[in-house]
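Coordinate inspection notes
What follows is each chain in one-letter form.
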Amino acid sequence: MLPLTQFFLFWVLSSCYKLIVEWMLLNKKNEEIEAEKSIIELAYLKAQINPHFILNTLNTIYSLTLRGSERAPDAILLYSQIVRYIFDKIETNFVSLQEEIDYINNYIELQILRFTDTLNVEFKIEGNTEDHRVAPLIFISFIENSFQYGISNHYRSTITFSIKAVDNSIHFTAENRKCKKNDFPHSGKNIGIKNTKRKLSLIYPDKHKLSIKETTDFFYIDLIIFDTSCKHTIEEQ
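Structure report, in brief.

1. Comments concerning the packing of aromatic side chains
Evaluated as defined, the whole model comprises eight aromatic pairs. Judged by centre distance (6.3 Å) and plane angle (65°), the rings of F94 and Y204 are edge-to-face. Of this pair, F94 sits in the loop between helix 3 (72-89) and strand 1 (95-96) while Y204 is found in the loop between helix 6 (191-203) and strand 6 (208-214), placing the two residues 110 residues apart along the sequence. Since its relative accessible area comes to 1%, Y204 is described here as buried. Here F147 and F161 contribute two aromatic rings whose centre-to-centre distance is 5.9 Å and whose plane-to-plane angle is 50°, an arrangement assigned as tilted.

Rendered as structure tokens:
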């Protein structure tokens with residue numbers, strides 16, 4: 001009787017072991033599939049370029065050229081630098097924060113060329129930007145949103161941005177008056193912002209804090225990204 005009991009116990013343990021191994025292999029396979037899906041999704045999100053920006057910029061350059069404006073060459077140069085940065089960095093995991101700031105400055109300068117008489121932009125930078133790295137193009141959707149909905153056709157508009165590099169984090173803010181209220185999408189429905197939220201969750205899971213607030217007249221973005229020092233991001237590449 002004892003050998004039969006031992007055999008049955010051995011069979012139960014063997015079956016349990018086999019089931020556990022199969023479950024672990026299946027779980028690992030599912031994790032690999034999810035990781036691949038995340039990589040593909042992130043590549044897709046990175047590849048998206050705002051077509052409105054391209055068309056609006058080309059129209060601006062065309063208009064400046066027709067008028068024989070001295071600013072036309074500057075607009076062409078800024079546009080070429082912006083496009084070059086996008087295509088050079090689109091497959092890069094991280095860039096220096098200063099590179100991203102240079103790109104943002106070019107973008108802002110190009111927008112100022114478009115709206116010279118109606119726009120005031122304040123861009124404040126604090127901290128040692130060379131000691132921090134960040135995912136490229138991670139702020140641009142928030143900046144594009146401010147320009148798209150924060151410029152009035154009737155009075156001078158002010159848009160403010162700030163980037164603060166401190167300790168091991170980057171703090172980004174954006175604020176603009178809602179000048180086109182009838183066309184202003186809720187933050188959850190704005191495609192660019194929605195995509196950026198997803199990119200943040202893929203690139204900085206549990207390492208960022210995003211707050212989006214809006215009132216009747218104003219729209220605010222407050223984003224903190226953690227573990228941005230060169231040491232951390234280089235190790236993660």
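2. As for unusual backbone geometry
Located in the positive-phi region is L137, a residue other than glycine, with phi close to 65°. On the secondary structure map, L137 appears in the loop between strand 3 (133-134) and helix 5 (140-149). Phi is positive for D206, which is not a glycine, with a value near 60°. With respect to the helices and strands, D206 occurs in the loop between helix 6 and strand 6.

3. Section: the side chain of E100
With respect to the helices and strands, the residue E100 is situated in helix 4 (residues 97-114). No salt bridge is formed by the buried E100; the nearest opposite charge belongs to K199, separated by 8.0 Å. Of the polar contacts made by the side chain of E100, one reaches the side chain of Y85; its length is 2.5 Å. If we skip the residues at most four places from it in the chain, E100 touches Y85, V95, V134, P136, L137, I138 and F139.

4. Here's the deal with helix 2 (residues 51-66)
Taking 1.5 Å of rise per residue, 16 residues should cover 22 Å, and helix 2 covers 23 Å from first to last C-alpha, within 8% of that figure. The secondary structure elements touched by the buried residues of helix 2 are helix 3, helix 4 and helix 5. G68 occupies a position one or two residues after helix 2 and carries a positive phi of about 70°.

5. Examining the pairing of strand 4 (residues 157-166)
Alternating positions in strand 4 separate cleanly, S157, I159, F161, I163 and A165 being buried on one face and T158, T160, S162, K164 and V166 remaining unburied on the opposite face. Bridge analysis of strand 2 (residues 119-127) against strand 4 gives nine bridges, and the strand direction is parallel. If you follow L119 over to strand 4, its bridge partner there is S157. The pairing of strand 4 with strand 5 (residues 169-177) spans eight bridges and is antiparallel. Paired with V166 across the strands is S169, a residue of strand 5. Following strand 4, the chain reverses through two residues before pairing antiparallel with strand 5; D167 in that reversal takes a positive phi of roughly 50°.

6. Quick notes on the environment of T216
By secondary structure assignment, the location of T216 is in the loop between strand 6 and strand 7 (218-226). We classify T216 as exposed; its relative accessible area is 61%. Sequence separation of T216 and R177 is 39 residues, and the distance between their C-alpha atoms is 9.2 Å.

7. Concerning the nonpolar core
Soluble, globular proteins show a tendency: their nonpolar side chains are buried together. The biggest cluster of nonpolar side chains holds 48 residues, and the ones touching the most others in it are V134, F139, I143, F147, F161, I163 and F172. At eight residues, helix 4 tops the list of elements feeding residues into this core. The residues touching F139, leaving out its near neighbours within four places in the chain, are L97, E100, I104, V134, I163, I170, F172, L223 and I225.

8. Points about the sheet that holds strand 5
Strand order across the open sheet formed by five strands is 2-4-5-7-6, with mixed pairing between neighbours. At either margin of the open sheet sits one strand with a lone partner, and together these are strand 2 and strand 6. Strand-to-strand, the axes of this sheet are offset by a mean angle of 5°, without reference to chain direction. Where helix 4 meets the sheet, its contacts fall on strand 2, strand 4 and strand 5, and the angle it forms with strand 2 comes to roughly 170°.

How each quantity is defined
- Residues numbered from 1 in each chain as written.
- Predicted model: local features only at pLDDT ≥ 70, side-chain atom pairs only at ≥ 80, totals over all residues.
- Heavy atoms only, no water.
- Phe/Tyr/Trp six-rings, centres within 6.5 Å; stacked < 30°, edge-to-face > 60°.
- Helix = DSSP H or I, 4+ residues; strand = E, 2+ residues; numbered from the N terminus.
- Buried < 20%, exposed > 50% of the residue type's maximum accessible area, 1.4 Å probe, protein only.
- Lys, Arg positive; Asp, Glu negative; His and termini not counted.
- Salt bridge = Lys/Arg side-chain N within 4 Å of Asp/Glu carboxyl O.
- Polar contact = N/O pair within 3.5 Å; in protein donor to acceptor, adjacent residues only side chain to side chain.
- Contact = heavy atoms within 4.5 Å.
- Expected span 1.5 Å × (residues − 1).
- Pairing = 2+ DSSP bridges.
- Core = buried A, V, L, I, M, F, W, Y, C linked by side-chain atoms within 4.5 Å.
- Axes fitted to C-alpha atoms, helices over the stretch in contact; angles between N-to-C directions.

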